[in-house]
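Below are the chains, spelled out letter by letter.
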Amino acid sequence: MALQGKLGIWQWLLTNARKYPFLIGGGLFLILCTISLIVGKFIGNNEEWFSEFSGVIENTTNILGWLSMMIAFALALLAWAQRKESAISFYGAGSKVDKIKDSFEASLILASRHAQTDWHLRHIQPKRMELVWTPLVAESKQELIERFEDIECRSSQENSLSNEEAYDIIAIKKHCIALLTDICNKYDKKTVCVDLTAGTALMTVAAFQAAEEMGVTSIYLLGKTSSKQGFIIDNDKVHEASEATIVIVSDHRKH
């Protein structure tokens, strides 16, 4: 209960500091001024003791100042490195994969009732696939597994997402990470991809986050057939490799 009370006070302070910055800032200023006056009075009553103690304080301050400067430089370099790493990760965004067949050895795919998954398996031809699916696409998923029986797949009725979880970003991300972890135990991460073409918007975001955390390349299939929905992969042309282009969203194949 005491911990909850402390957390409640801290949350109250943070919330009100955001809502009333001048009021909270002014209050903190007055508190600090009061504390400094009390400390000043204490020092005035103990001048001899403080004279000895001030030498220690001065040396300590110099050391802490030097340490603070070194830490600040280190943190700045880390922040710069993180920004550069992000730039490298997204450097290949928008580029195309020219060699389609065997471009990836294993794939995590957001399953669909449309032709995207069919095209992926038919033309990329990975050795291992795992499908992120819900009961809404269960029939299509099963047809794909049976049609591409030569491709290893461990997807089953037990590892689907529920229809409700298709709109739960945390559940989707956790599910994708579990599947990717299993895939990456056998295949090099540089040869694994996550296909973000299908699924709900939240499934796409969650799968992308999972791919980035795992250091796996994410792709998008851009169809060549124009429609009201944009450029799609035509079901009647799914057997043609030229019917789609593999677009890189985030490239982890080289690092």
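It should be emphasised that the depicted structure is a prediction, and the values quoted were computed from it without experimental measurement.

Draft legend 1. Region of the structure containing the packing of aromatic side chains. This model, assessed by the stated rule, comprises 0 aromatic pairs. Across the ring face of tryptophan 133, the terminal group of lysine 141 is positioned such that the distance to the ring centre comes to 4.1 Å.

Draft legend 2. Examining a negative patch on the surface more closely. Taken together, Glu139, Glu143, Glu146, Glu149 and Asp150 make up a surface patch of like negative charges. Mapped onto the fold, glutamate 139 is located in helix α5 (residues 138–147). The class for glutamate 139 is exposed, based on a relative accessible area of 61%.

Draft legend 3. Inspection of the confidence of the model for the chain at higher detail. When the pLDDT values of the chain are averaged, the result is 80; 75% of them are 70 or greater. Per-element confidence in the chain ranges from a low mean pLDDT of 62 for helix α1 (residues 2–19) to a high of 96 for strand β4 (residues 192–195).

Draft legend 4. Main features of the nonpolar core. The biggest cluster of nonpolar side chains holds 24 residues, and the ones touching the most others in it are Leu108, Val132, Val192 and Val194. For this core, the elements supplying multiple residues, two or more each, are β1 (106–110), α6 (169–184), β4 and α7 (201–214). Those residues within four positions of valine 194 in sequence are excluded, and the remaining contacts are Leu108, Leu180, Ala207, Ala211, Val216, Thr217, Ser218 and Ile219.

Draft legend 5. Just the side chain of serine 140, in detail. Secondary-structure assignment places serine 140 in helix α5. In this structure, serine 140 is in contact with Ser112 and Arg113, ignoring residues within four places of it in sequence.

Draft legend 6. A look at the pattern of salt bridges. Summed over the entire model, instances satisfying the criterion amount to 8 salt bridges. For the salt bridge of aspartate 182 with arginine 128, the shortest nitrogen-to-oxygen distance reads 2.6 Å. Of this pair, aspartate 182 sits in helix α6 while arginine 128 sits in strand β2 (residues 128–132), and the two are 54 residues apart along the sequence. The class for aspartate 182 is partly exposed, based on a relative accessible area of 30%. You can call arginine 128 buried: its relative accessible area is 0%. Among the salt bridges present, the one from glutamate 213 reaches lysine 173, with a minimum N-O distance of 2.4 Å.

Cut-off values and rules
- Residues numbered from 1 in each chain as written.
- Predicted model: local features only at pLDDT ≥ 70, side-chain atom pairs only at ≥ 80, totals over all residues.
- Heavy atoms only, no water.
- Phe/Tyr/Trp six-rings, centres within 6.5 Å; stacked < 30°, edge-to-face > 60°.
- Lys NZ or Arg CZ within 6 Å of the ring centre and 35° of its normal.
- Patch = residues over 30% accessible without salt bridge, like charges linked within 9 Å, V, L, I, M, F, W, Y side chains within 5 Å.
- Areas by Shrake-Rupley, 256 points an atom, 1.4 Å probe, with all protein chains shown as cover.
- Salt bridge = Lys/Arg side-chain N within 4 Å of Asp/Glu carboxyl O.
- Lys, Arg positive; Asp, Glu negative; His and termini not counted.
- Charge placed at Lys NZ, Arg CZ, Asp CG, Glu CD.
- Helix = DSSP H or I, 4+ residues; strand = E, 2+ residues; numbered from the N terminus.
- Buried < 20%, exposed > 50% of the residue type's maximum accessible area, 1.4 Å probe, protein only.
- pLDDT = per-residue confidence, 0-100.
- Core = buried A, V, L, I, M, F, W, Y, C linked by side-chain atoms within 4.5 Å.
- Contact = heavy atoms within 4.5 Å.

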